[in-house]
Amino acid sequence: MSEERSLNFIEDIIERDLKEGRVKSILTRFPPEPNGYLHIGHAKSICLNFGLGIKYGGKTNLRFDDTNPVTEETEYVESIKADVRWLGFEWANEFYASDYFEQLYGYAEKLIERGLAYVDDSTSEEIAEQKGTPTQPGRRNNYAERTPEENLQLFREMRAGTYPDGSKVLRIKGDMSSPNMLMRDPIIYRIKHAHHHRTGDAWCIYPMYDFAHGQSDSIEGITHSICTLEFVPHRELYDWLIEKLEIFPSRQYEFARLNMTYTVMSKRKLLQLVNEGNVESWDDPRMPTISGMRRRGYTAKSIRDFCDRIGVAKRENLIDLGLLEFFVREDLNKTALRRMAVLDPVKLIITNYEENKYELLPSENNPEMPEKGERMLHFGRELWIEREDFMEEASKKWFRLAPGSVVRLKSAYIVRCTGFEKDESGKLTTVMAEYIPESKSGSDTSGIHAKGTIHWISAPHAVTAEVRLYDRLFRVEDPSSEEGDFKSYINPDSLQIISKAYMEPDLLSAVPGVPYQFLRKGYFVLDSVHSKENHLVFNRTVTLKDTWAKEAKKG
RNA sequence: UGGCCUAUAGUAUAAUGGUAGUACGACAGAUUUUGGUUCUGUUUGUCUAGGUUCGAAUCCUGGUAGGCCAACCA
């Protein structure tokens, strides 16, 4: 799989750092905020960070960036850990920014003592107003004149809980006329009398991202701190703080985040879809979340291969959902057991086959893996076939059933269609055919060539199950870039429920996570949420490539 | 109207001053008891204008286009 490929720009940097001895070994980290579920964009970051650790014989930490107690929950921590593990990665250490609160507080006092930070009593509106604009410099207020002693006392009182939320902040004494807005005296501590999922009520002041992330990197000795492009402006502050604090010089590098067609990739928007009931949950199989994809039947390998292939660069991108599907099919084709299932059933009567007689016919479990063996299928007079496999008036390109046509029933006999019946409304109810006894699969002596092969299931032996077919969540390629509310571009037909499909009886023993290919219909997996012992529910992971559908569309 | 980041086939990504390549897609064909798989072939590209150089996708300058930055979010 991993044939030699050229390096991405981060690998270039790492190889140079290793070669020139700037670092002896590398240490990366995956640093999610536990305020939501991980999505495929995070998978790119996970594969990058952990992949680099593995590739260069280094290590990777999992660090929760839990500096904002009001948005973070233990539930998210657990789901994130499960998702990273499921993707196939193991972290060297599990850390939390909150582990470092005491140390970070010490750093802050150090800055105050050196006159590099001050306590500001302004409101957030005043601070914003004084900040200026990208084209106009900001101005500093009188609070910036406070002495280190004064600041130290105020900051200690902030920590002690003397002041209410929003009444004071600690700011860096930066450069109010910097073209980089982030350097204009950024806030590094704010007062929040809130319960933290790990530190409980021990703290009422919390560090901001810029005073936690880089410092955590340094504390852990992270050599290469890899983040997404929107943090580019933060790098100047990241480096400034390392220099002033005289701590381990981690370095930040930025890459372009993943965007994919027909979905959205921001936690805020995904949360909205969940909260407003557009999807069932974070792990709805239509969601671009890791948990949603897992439930849908995407494999960890296919996601890793995808992340590998899309590469790492600094250019904005919008990747075709079809590429992910390609890797899903590629993996599943090799591993999924073949089964027959009829989703939209119509009776097929083999008129010259004896009533109440059945025979058992073998069929391969996976043509890609002969060692997976065969299972036996019941064949008899009454079968279920797919409604779309019959056409009353067919063109010469039609290989399936039509009056007079000849097709192979997969792993069974060749049949010749002799007739059909419709109900009063004109809906097809039954197809009639005669089988050719000497055309039996494996020992075909009929000399007849059938152009098409269709799947089927013995009517008396079939079990029923619910099947859920999914389509893209949005009607447009890039919902976030369209006019107006992104939710107005939701695809109303993203979920189709088939309440009664017929399938092979051994599917009764299916378990979530084990993929099947329903012949000619796609890859399916048992749904981990809705499936019950007496009510099977299968999710369609992805369709098979369908060149016929494309041909038919051409007219 | 400031600063920063970016620009290579339809979509991604490589070529690190020296033959523009790879994957997906599309198209055509072969194989096939899944209109699947597999195999073969074809197709399409360096944003623009200058400059440096024997030689530029690559370096420089201007332009154009897209993205990011004015949260007590991360």
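Residues numbered from 1 in each chain as written. Chains lettered and ligands numbered in written order. Predicted model: local features only at pLDDT ≥ 70, side-chain atom pairs only at ≥ 80, totals over all residues. Heavy atoms only, no water.

(A) Representation of empty space enclosed by the protein within the structure. Applying the stated rule across the entire model yields two cavities of 30 Å³ or more. The computed volume of the largest cavity comes to approximately 60 Å³. Lining the largest cavity, in full, are Y209, D210, H213, G214, Q215, H234, L237, Y238 and Q252. Mapped onto the lining of the largest cavity, the elements with two or more residues apiece are α7 (213-220) and α8 (235-245). Counting residues per element, the lining of the largest cavity draws most heavily on α7, which supplies three residues. Across the lining of the largest cavity, the residue classes break down as three nonpolar, five polar and one charged. (1 Å grid on protein atoms, 1.4 Å probe; cavity = no way out; pocket = protein on both sides within 12 Å on 5 of 7 lines; lining within 4 Å. Points joined across faces, edges and corners; volume = space filled by probe spheres on them. Helix = DSSP H or I, 4+ residues; strand = E, 2+ residues; numbered from the N terminus. Nonpolar A, V, L, I, M, F, W, Y, C, P; charged D, E, K, R; others polar.)

(B) Quick look at the sheet that holds strand β10 (residues 337-339). Taken in spatial order, the seven strands of this open sheet run β10-β23-β24-β25-β21-β22-β11, and their pairing is mixed. Strands at the two margins of the open sheet, each flanked by one partner only, are β10 and β11 (341-342). With four bridges connecting them, strand β24 (residues 522-526) and strand β25 (residues 537-542) associate as antiparallel partners. By the bridge assignment, V525 is partnered in β25 with N539. Together, β10, β24 and β25 form the strand contacts of helix α12 (residues 321-335), whose direction differs from that of β25 by roughly 120 degrees. (Pairing = 2+ DSSP bridges. Contact = heavy atoms within 4.5 Å. Axes fitted to C-alpha atoms, helices over the stretch in contact; angles between N-to-C directions.)

(C) Structural view of the protein's contact with RNA strand B. Taken together, 66 residues lie near RNA strand B, and R315, R338, S441, Q517 and K550 sit nearest. Atoms of RNA strand B within 4 Å of the protein: sugar and phosphate make up 62%, bases the balance. Between RNA strand B and the protein, one listed contact pairs a sugar or linking oxygen with a side-chain N or O atom of E33 at 3.4 Å. At 2.7 Å from a phosphate oxygen of RNA strand B is found a side-chain nitrogen or oxygen belonging to R190. For the surface near RNA strand B, the secondary-structure elements that each account for two or more residues are α5 (124-130), β6 (187-191), α11 (300-310), α12 and α13 (547-554). By residue number, the principal contributor to the surface near RNA strand B is α13, which donates four residues. Tallied by class, residues from the surface near RNA strand B come to 23 nonpolar, 20 polar and 23 charged. (Near = heavy atom within 4 Å. Polar contact = N/O pair within 3.5 Å; in protein donor to acceptor, adjacent residues only side chain to side chain.)

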